Each structure stands twice: as structure tokens, then as C-alpha cells.
Amino acid sequence: MSDGKPPFRPSDAVDVLGETEGDFVLPLCLPQPSLLIGEDLAMVVLDTIHGQRVGLPLSAQGAADLHAVLAEAIRLLQARDGGPVQ
């Protein structure tokens, strides 16, 4: 991913409800997000603790990549905590 953008740094990010340019941090989101999948686009819909809905558009490949990354992260967390590794 050498697109020339600086790396994401949470300390430099702004609140999504304030400024809208640049990197941002979503407010705390509730569990059980929705996933909408079409032919060319996938959308992860998150409900915030403020009662707002935020949609994150992804390509179908992006959704598959996100699934793989999250599955590996969960696997590593389970291994670290002494839980089962699948």
C-alpha cells in the first residue's frame, strides 16, 4: 500500500462528528453491525452510541480482505489468551 499517504495515527485523527477532512475516529459503535452485499459494493453499517448510523463502503474484495484480517486478529487474540486457535 504505497499510495503516498501518511500512516493512520489515532492521536492525529479527528472526531467524525466534527471535522470531515482527513482521518477520523468513529464514536463507540454498538455490537452486531449490518453487512449489505451487492454485485459491486459491500457496505458495513454501524450504529453509534449516539443513535447515528454510519455506512462504510467496501468493494467485494475489500470485504473479503477485511474478513480475512479480522479472522486472523481474533485467532491471534485467542492464542495469546490461552484460548483455542482455529
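Along each chain, residue indices are assigned from 1 in the same order as the chain's sequence is written. The predicted origin of the model limits local features to residues at a pLDDT of at least 70 and limits the giving and counting of side-chain atom pairs to 80 or more, whereas totals for whole chains, interfaces and linings rest on all residues. Note that water and hydrogens are dropped before the side-chain values are worked out from all heavy atoms of the structure.

Caption draft 1: Here's a closer look at a nonpolar patch on the surface. In this scheme, patches are assembled from residues that exceed 30% relative accessible area and form no salt bridge. Like charges are connected within 9 Å, while nonpolar side chains (Val, Leu, Ile, Met, Phe, Trp, Tyr) are connected within 5 Å. To be clear on the numbers: accessible area is Shrake-Rupley with a 1.4 Å probe, and residue cover counts the displayed protein chains and nothing else. Any Lys or Arg side-chain nitrogen located within 4 Å of an Asp or Glu carboxyl oxygen qualifies as a salt bridge. A cluster of nonpolar side chains, Leu 28, Leu 30 and Ile 49, forms an exposed patch at the surface whose accessible area comes to about 300 Å². Tracing the sequence through the fold places Ile 49 in the loop between β4 (42-47) and β5 (53-58). Secondary structure elements follow DSSP: runs of H or I no shorter than four residues count as helices, runs of E no shorter than two count as strands, and numbering proceeds from the N terminus.

Caption draft 2: Molecular detail of the sheet that holds β5. We treat two strands as partners when DSSP finds at least two bridges between them. With antiparallel pairing, the three strands of this open sheet are ordered in space as β3-β4-β5. The sheet is open, and its two edges are formed by β3 (34-37) and β5, each paired on a single side. Strand-to-strand twist of the sheet, defined as the mean angle between neighbouring strand axes without regard to direction, takes the value 20°. Here β3 pairs with β4 via four bridges, running antiparallel. Its bridge partner being in β4, Leu 35 is matched across the sheet by Val 44. A fitted line through C-alpha atoms serves as each axis, taken over the contacting stretch for helices, and the angle formed by two N-to-C directions is quoted from 0 to 180°.

Caption draft 3: A look at the confidence of the model for the protein chain. Every residue is assigned a pLDDT by the predictor, reflecting its confidence on a scale from 0 to 100. Here the protein chain averages 76 in pLDDT, and 63% of its residues register 70 or above. Of all secondary-structure elements in the protein chain, the lowest mean pLDDT belongs to strand β1 (residues 14-15), at 60, while β4 reaches the highest, 86.

Caption draft 4: Representation of the pairing of β5. Alignment of β4 against β5, held across six bridges, turns out to be antiparallel. Bridge pairing links Val 45 to Gly 55 in β5. What sits between the antiparallel neighbours β4 and β5 is a turn of five residues, in which Gly 51 has the positive phi angle 80°.

Caption draft 5: Focus on the side chain of Thr 48. With respect to the helices and strands, the residue Thr 48 is situated in the loop between β4 and β5. Residue contacts are counted whenever heavy atoms from the two residues lie within 4.5 Å of one another. Beyond its immediate sequence surroundings of up to four residues, Thr 48 is in contact with Pro 27, Leu 28, Cys 29, Leu 30 and Val 54.

Caption draft 6: The pattern of salt bridges, seen in detail. Overall, the coordinates contain two salt bridges when judged by the stated rule. The salt bridge involving Arg 53 is made with Asp 47; its shortest N-O contact spans 3.1 Å. Each residue is assigned to one of three classes by its accessible area relative to the maximum for its type, calculated with a 1.4 Å probe on protein chains only: buried under 20%, partly exposed between the two thresholds, exposed over 50%. Residue class for Arg 53 comes out exposed when judged on its relative accessible area of 59%. A salt bridge links Glu 72 to Arg 75; its shortest N-O distance comes to 2.8 Å. Remark: Arg 75 and Glu 72 occur in helix α1 (residues 60-80); sequence separation between them is three residues, near one turn of the helix. Residue classification places Arg 75 among the partly exposed positions, given a relative accessible area of 26%.

Caption draft 7: The arrangement of unusual backbone geometry in detail. We note that Gln 32 has phi near 65°; this positive angle belongs to a residue other than glycine. Take Gln 32: it is sitting in the loop between β2 (24-25) and β3.

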